[in-house]
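Residue strings, one per chain:
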Amino acid sequence: TFTAIPLFPAVISAEDIRRSGAQALPDVLRMVPGIEVAQIDSGRYAVSARGFNGRFANKLQVLVDGRSIYRPTFSGVMWENDPVALADIERIEVIRGPGAAMWGVNAVSGVINIISKHSRDQAGGLVAPTFSSRGQHQFRGRYGGAAGPDTTWKLSFQGRRAGPSTQFAANVDSQDRLHNDAMDFRLDSRLGDGELTLWANAGESSMDDLVVAQVSPLPPLSLSAGSYQQRSRSHTLASRYRWLTATGVESSVQASFQDSSLDMSSMYREDRQT
């Protein structure tokens, strides 16, 4: 007996996220049928749809408020870099199945669209620390308010720490500690017949890794253990104006600019403006 998984959108609400107890976005996606989520080490994940899963899976389009967050280096997502705090997500829409014709590149196996909360729904302050016996610690803070009758804003911060995992063979700590910090500002304002939204986001992440199969360049050939540190940062400015036409059709214009870098010790470095 074969059971086909329908291709209609799956929606994860903010209440689903809160009740899940998840501390990272990939863990939230585990509740969606057809989405494969594998945790590689203390902070890295592999996420895909309809198979083809791996660290550098590139057949899944991931959007945050309509803006793609894939890494151009390998056309995939580095899930250890939190694109948005879980407490700031209104809902996550997941469409399984090929959608490249409508959603653009990468949408070979599906689309994940992350929609953040409107700033009017995040007024006031919030401080939420989380501590875990397995080395997963997190701190979230947020404050929002109104700058006028038609303008609201919010500023949020999230810091996430993940302790090292344990090597199975040696029973000692590995070198995969994760340090992740992200700050996000959003402003929403009524403008004419539509609404203008502005985002400013800054994030920084660092993570160590242990390479157990490092080949010596000169004979005799031998294998040894090596380590490197992965550091990434990004600064993003984005804006969107959307409005309803007389016939009730929603239209929007969106633009963004991102300055980012990725540094893997002495092996690889990339600086990019998008």
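**With respect to the overall build of the protein**
Here comes step 1: Across its full length, the protein carries three helices and 15 strands.
Here comes step 2: Dimensions of the protein, computed from the C-alpha atoms along their principal axes, are close to 75 × 50 × 35 Å.
Here comes step 3: Within the protein, buried positions represent 42% of all 274 residues.
Here comes step 4: Across the protein, every contact between residues at least 6 apart in sequence was considered, and the portion connecting residues at least 24 apart equals 52%.
Here comes step 5: By element, 57% of the accessible surface of the protein is carried by carbon and sulfur atoms, the whole surface being about 14,900 Å².
Here comes step 6: Of note, the protein has its 28 positive side-chain charges centred 2 Å away from the centre of its 28 negative side-chain charges.

**Describing the pairing of strand 3 (residues 45–49)**
Here comes step 1: Among the five residues in strand 3, five count as buried, and that is most of the element.
Here comes step 2: Going residue by residue along strand 3, you find Y45, V47 and A49 tucked away on one face and A46 and S48 tucked away on the opposite face as well.
Here comes step 3: Sheet analysis places strand 2 (residues 35–39) next to strand 3, joined by five bridges and oriented antiparallel. In the strand pairing of strand 3, E36 is matched with S48.
Here comes step 4: Between strand 2 and the antiparallel strand that follows it, strand 3, lie five residues.

**What about unusual backbone geometry?**
Here comes step 1: Phi at R50 takes a positive value of approximately 60 degrees, unusual for a residue other than glycine.
Here comes step 2: Inspection of the secondary structure assignment puts R50 in the loop between strand 3 and strand 4 (60–64).

**Digging into the nonpolar core**
The nonpolar side chains of a soluble globular protein tend to be buried, and buried together.
Here comes step 1: The biggest cluster of nonpolar side chains holds 27 residues, and the ones touching the most others in it are L29, W79, I92, I112 and I114.
Here comes step 2: Contributing elements (two or more residues each) for this core: strand 1 (10–13), helix 2 (25–28), strand 2, strand 3, strand 4, strand 6 (89–96) and strand 7 (110–116).
Here comes step 3: One finds F74, M78, L262 and M264 within the second-largest nonpolar core, a separate group that totals five residues.

**A closer look at the sheet that holds strand 4**
Here comes step 1: Taken in spatial order, the five strands of this open sheet run 1-6-7-4-5, and their pairing is mixed. The sheet is open, and its two borders are formed by strand 1 and strand 5 (67–68), each paired with just one other strand.
Here comes step 2: Relative to strand 6, strand 1 runs antiparallel, the two being bridged by four bridges. Bridge pairing in strand 6 links I12 to I92.

**Details of the packing of aromatic side chains**
Here comes step 1: Counted under the stated rule, the structure contains four aromatic pairs.
Here comes step 2: Taking 4.9 Å as the distance between ring centres and 80 degrees as the angle between the ring planes, the aromatic pair formed by F56 and F74 counts as edge-to-face. Remark: F74 occurs in the loop between strand 5 and strand 6 and F56 occurs in the loop between strand 3 and strand 4; sequence separation between them is 18 residues.
Here comes step 3: Taking the relative accessible area as the measure of exposure, F56 reaches 52% and is therefore exposed.
Here comes step 4: Members of the aromatic cluster, connected to one another through ring pairs, are Y143, W153 and F185.
Here comes step 5: The ring of F52 carries K59 above its face, with NZ or CZ at 5.2 Å from the centroid.

**Some remarks on the environment of R190**
Here comes step 1: Mapped onto the elements of the fold, R190 is located in strand 11 (residues 178–191).
Here comes step 2: Spatially, the C-alpha atom of R190 lies 9.1 Å from that of P149, the residues being 41 residues apart in sequence.
Here comes step 3: Excluding its chain neighbours within four sequence positions, the residues that come into contact with R190 are D150 and E195.

The rules behind these values
- Residues numbered from 1 in each chain as written.
- Predicted model: local features only at pLDDT ≥ 70, side-chain atom pairs only at ≥ 80, totals over all residues.
- Heavy atoms only, no water.
- Helix = DSSP H or I, 4+ residues; strand = E, 2+ residues; numbered from the N terminus.
- Buried < 20%, exposed > 50% of the residue type's maximum accessible area, 1.4 Å probe, protein only.
- Contact = heavy atoms within 4.5 Å.
- Areas by Shrake-Rupley, 256 points an atom, 1.4 Å probe, with all protein chains shown as cover.
- Lys, Arg positive; Asp, Glu negative; His and termini not counted.
- Charge placed at Lys NZ, Arg CZ, Asp CG, Glu CD.
- Pairing = 2+ DSSP bridges.
- Core = buried A, V, L, I, M, F, W, Y, C linked by side-chain atoms within 4.5 Å.
- Phe/Tyr/Trp six-rings, centres within 6.5 Å; stacked < 30°, edge-to-face > 60°.
- Lys NZ or Arg CZ within 6 Å of the ring centre and 35° of its normal.

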